[in-house]
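A closer look at the structure
Each chain, written out:
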Amino acid sequence: GAGSGEFHLYRRTRRTEMKRLEQMEKAATEEALNAEFQERVEQKRKECEERTAKNAQKRKRRKQNAKLKQVNAFANDGSFLEKAKALLTQSSVHTIQDFEKGKLPSPHPPDDQFHKNASSFS
């Protein structure tokens, strides 16, 4: 039979074993919570990166569209000829009519100047 001292030894070993099991359960719970937290952090990071990439793509597209709008200043509403005529009258571009009216000198040199310059190359 067991003596009176055995009961106290049994209680002590049981108490230490219960503490050990409790600590193991606590550590497992903390690990699970930590893993869940890390998963949420990773998911949020991916979402943030996707949003950032999407916004960067939008900015790039807007920038390209802005460049295209600068290149083609004419609207696609059928008013191209009127706008082009207005631009010609505003700019210093000379028209064929100006040349025919004698307002501008000929873009080609006279024949004698052409032959004189051409002979210097031979």
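Since we're looking at a predicted model, the values are computed, not measured. (Residues numbered from 1 in each chain as written. Predicted model: local features only at pLDDT ≥ 70, side-chain atom pairs only at ≥ 80, totals over all residues. Heavy atoms only, no water.)

**Structural notes on the overall build of the protein chain**
Summing up its helical and strand segments, the protein chain has four helices and zero strands in all. In the protein chain, the succession of α and β elements from N to C terminus is α-α-α-α. Considering the protein chain as a whole, with its 122 residues, one finds that 2% of them fall into the buried category. When the accessible area of the protein chain is evaluated, it comes to approximately 12000 Å², of which 55% is carbon and sulfur surface. (Helix = DSSP H or I, 4+ residues; strand = E, 2+ residues; numbered from the N terminus. Buried < 20%, exposed > 50% of the residue type's maximum accessible area, 1.4 Å probe, protein only. Areas by Shrake-Rupley, 256 points an atom, 1.4 Å probe, with all protein chains shown as cover.)

**Notes on the confidence of the model for the protein chain**
Looking at the protein chain as a whole, the pLDDT averages 80, with 68% of positions reaching at least 70. When the elements of the protein chain are averaged for pLDDT, helix α4 (residues 111-119) gives the smallest value, 55, and helix α1 (residues 4-71) the largest, 93. (pLDDT = per-residue confidence, 0-100.)

**Brief notes about a nonpolar patch on the surface**
A cluster of nonpolar side chains, namely M18, L21 and M24, defines an oily patch on the protein surface of about 260 Å² accessible area. Topologically, M18 is positioned in helix α1. Overall, the relative accessible area of 40% leaves M18 in the partly exposed class. (Patch = residues over 30% accessible without salt bridge, like charges linked within 9 Å, V, L, I, M, F, W, Y side chains within 5 Å. Salt bridge = Lys/Arg side-chain N within 4 Å of Asp/Glu carboxyl O.)

**Quick word on a positive patch on the surface**
Taken together, the side chains of R11, R12, R14, R15 and K19 present a region of like positive charge at the surface. Of note, R11 is situated in helix α1. In this structure R11 comes out as partly exposed when scored by relative accessible area, which is 44%. (Lys, Arg positive; Asp, Glu negative; His and termini not counted. Charge placed at Lys NZ, Arg CZ, Asp CG, Glu CD.)

**Some thoughts on the pattern of salt bridges**
Scanning all chains against the criterion turns up four salt bridges. Between E17 and R20 there is a salt bridge, and its shortest N-O distance comes to 2.7 Å. Highlighted residues: E17 and R20, both in helix α1, separated by three residues, approximately one helical turn. Assessed through its relative accessible area of 41%, R20 is described here as partly exposed.

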